[in-house]
Amino acid sequence: MALATTPAAFAADEVYIPLVSKGFQHQFWQAVKAGADQAAEEFGVRITFEGPDNETMVDRQIDMLAAALANKPGAIGFAALDSQAAIPLLREAAEAGIPIVAFDSGVDSDIPVTTATTDNVAAAALAADKMAEAIGGAGKVAVVAHDQTSRTGIDRRDGFLDRIASEYPNIEVVSVQYGAGDQLQSTEVAKAILTANPDLNGLFGTNEGSAIGVVNAVREMGSEGVTIIGYDSGKAQTDAIRNGLMTGAITQNPVGIGYETVKAAVAAMEGTELPPIIDTGFYFYDQSNIDNPEIQAVLYD
């Protein structure tokens with residue numbers, strides 16, 4: 001997308017674009033921030049990047065969004081923890097003429113001018129294909145998801161489940177549990193699944209915290225023969241793939257997500273029409289390709 005904006009366009013009258021994230025604790029969000037910072041410098045705008053301490057704190061995130069709105073910014077970037085809860089504030093922003101750019105997690109509303117995100121349904125479907133391949137197309141699998149309220153949580157869960165249901169009749173999904181994207185909580189959830197299903201063949205973790213929790217559970221319980229497919233990267237996951245504990249994972253392009261969010265916000269302020277979705281891409285990585293340059297460029301550890 002070509003922008004009329006030049007880096008110096010806003011130099012005289014600084015434009016402020018707050019980004020309200022789903023969290024700040026995962027390496028994923030640090031990489032999103034790095035991309036946003038890069039775009040802010042390029043387009044001559046000032047950004048802030050903040051999120052709640054963990055991804056269950058919907059009320060805290062709504063407070064952050066309200067505070068961002070009160071500062072009368074030029075535009076707002078927003079990654080919704082709960083896509084319904086934020087709608088009244090997003091409507092308020094729209095009425096004030098402040099463009100909203102959704103990132104990572106979309107909002108069930110036509111208020112955002114665009115969403116910079118991974119195609120999470122397609123990425124999770126690829127994770128299902130890789131799981132099926134690894135377990136020979138038959139067996140029992142389970143999912144540890146990060147939530148059932150955000151668009152990413154829903155899309156990754158359903159993308160995986162729908163692909164298994166439609167393509168792999170000999171694979172049974174025995175459990176879908178939620179660990180709030182927290183690795184400790186996800187570890188306990190995964191342990192419970194493993195205890196209830198000693199013949200489990202595979203586990204899919206839908207984000208960084210979920211996947212690390214699954215790895216920890218399998219390691220701590222000494223479970224053998226369980227294929228783990230993850231989502232995101234971060235050092236704990238890349239280490240688990242290198243040492244064979246995890247078969248592979250989906251990696252997003254978080255730097256690209258942050259960059260495209262700020263770029264789209266600047267474009268929206270200029271009145272440029274934007275596509276509904278800015279697809280920032282995804283890759284599957286495992287021991288065979290983890291050191292390839294195109295994969296190294298999108299790992300965030």
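A brief report on the enclosed structure follows. (Residues numbered from 1 in each chain as written. Predicted model: local features only at pLDDT ≥ 70, side-chain atom pairs only at ≥ 80, totals over all residues. Heavy atoms only, no water.)

1. Notes on the overall build of the protein chain
Moving on, step 1. For the protein chain, the helix and strand inventory stands at 10 helices and 12 strands.
Moving on, step 2. Its C-alpha atoms give the protein chain a radius of gyration of 20 Å, within 12% of the compact-globule value 19 Å for 301 residues.
Moving on, step 3. Expressed as lengths along the three principal axes of its C-alpha atoms, the size of the protein chain is roughly 65 × 40 × 35 Å.
Moving on, step 4. Taking all 301 residues of the protein chain together, 56% fall into the buried category.
Moving on, step 5. Summing over all exposed atoms, the protein chain offers an accessible surface of approximately 12000 Å²; the carbon and sulfur share of this is 47%.
Moving on, step 6. Here the protein chain contributes 17 positively and 41 negatively charged side chains, and the mean placements of these two sets differ by 3 Å. (Helix = DSSP H or I, 4+ residues; strand = E, 2+ residues; numbered from the N terminus. Rg over C-alpha atoms; globule rule 2.2 N^0.38 Å. Buried < 20%, exposed > 50% of the residue type's maximum accessible area, 1.4 Å probe, protein only. Areas by Shrake-Rupley, 256 points an atom, 1.4 Å probe, with all protein chains shown as cover. Lys, Arg positive; Asp, Glu negative; His and termini not counted. Charge placed at Lys NZ, Arg CZ, Asp CG, Glu CD.)

2. As for helix α3 (residues 87-95)
Moving on, step 1. Within the sequence span of α3, burial applies to Ile87, Leu89, Leu90 and Ala93. Buried positions in α3, seen along its axis, are confined to an arc of 160° and lie on one side of it. Facing away from the buried side of α3, by more than 90 degrees, are the exposed residues Pro88 and Glu95.
Moving on, step 2. If you follow the buried residues of α3, they end up packed against α2 (58-70), β3 (76-78) and β4 (100-103).
Moving on, step 3. A positive backbone phi angle near 75° is found at Gly97, which sits one or two residues after α3. (Arc of directions from axis to C-beta. Contact = heavy atoms within 4.5 Å.)

3. Topic: the sheet that holds strand β8 (residues 202-205)
Moving on, step 1. Across the sheet, which stays open at both edges, the six strands sit in the order β7-β6-β8-β9-β10-β12 with mixed pairing between neighbours. Here the strands that pair on one side only, and so sit at the sheet edges, are β7 (171-178) and β12 (283-286). Neighbour-to-neighbour, the strand axes of this sheet turn through a mean angle of 20°, independent of strand direction.
Moving on, step 2. One ladder, built from seven bridges, connects strand β6 (residues 139-145) with β7; its direction is parallel. Its bridge partner being in β7, Val143 is matched across the sheet by Val176.
Moving on, step 3. Strand contacts of helix α5 (residues 151-167): β6, β7, β8 and β9 (227-231), with the helix running at about 170° to β7, the strand carrying the most contacts.
Moving on, step 4. In the packing of helix α7 (residues 208-221) onto the sheet, contacts are made with β6, β8 and β9, and the angle to β9 comes to roughly 160°. (Pairing = 2+ DSSP bridges. Axes fitted to C-alpha atoms, helices over the stretch in contact; angles between N-to-C directions.)

4. What about empty space enclosed by the protein?
The rolling of a water-molecule-sized probe over the atoms marks out the regions of remaining empty space.
Moving on, step 1. Counted under the stated rule, the structure contains one cavity of 30 Å³ or more.
Moving on, step 2. Taken as a whole, the largest cavity spans an internal volume of roughly 80 Å³.
Moving on, step 3. Taken together, 13 residues line the largest cavity, and the ones lying closest to its centre are Phe28, Trp29, Arg156, Asn207 and Asp232.
Moving on, step 4. For the lining of the largest cavity, the secondary-structure elements that each account for two or more residues are α1 (27-43) and α5.
Moving on, step 5. Here the lining of the largest cavity is built from residues that sort into two nonpolar, five polar and six charged. (1 Å grid on protein atoms, 1.4 Å probe; cavity = no way out; pocket = protein on both sides within 12 Å on 5 of 7 lines; lining within 4 Å. Points joined across faces, edges and corners; volume = space filled by probe spheres on them. Nonpolar A, V, L, I, M, F, W, Y, C, P; charged D, E, K, R; others polar.)

5. Considering unusual backbone geometry
Moving on, step 1. With a phi close to 65°, Asp104 is a non-glycine residue in the positive phi region.
Moving on, step 2. Here Asp104 shows up in the loop between β4 and β5 (114-117).

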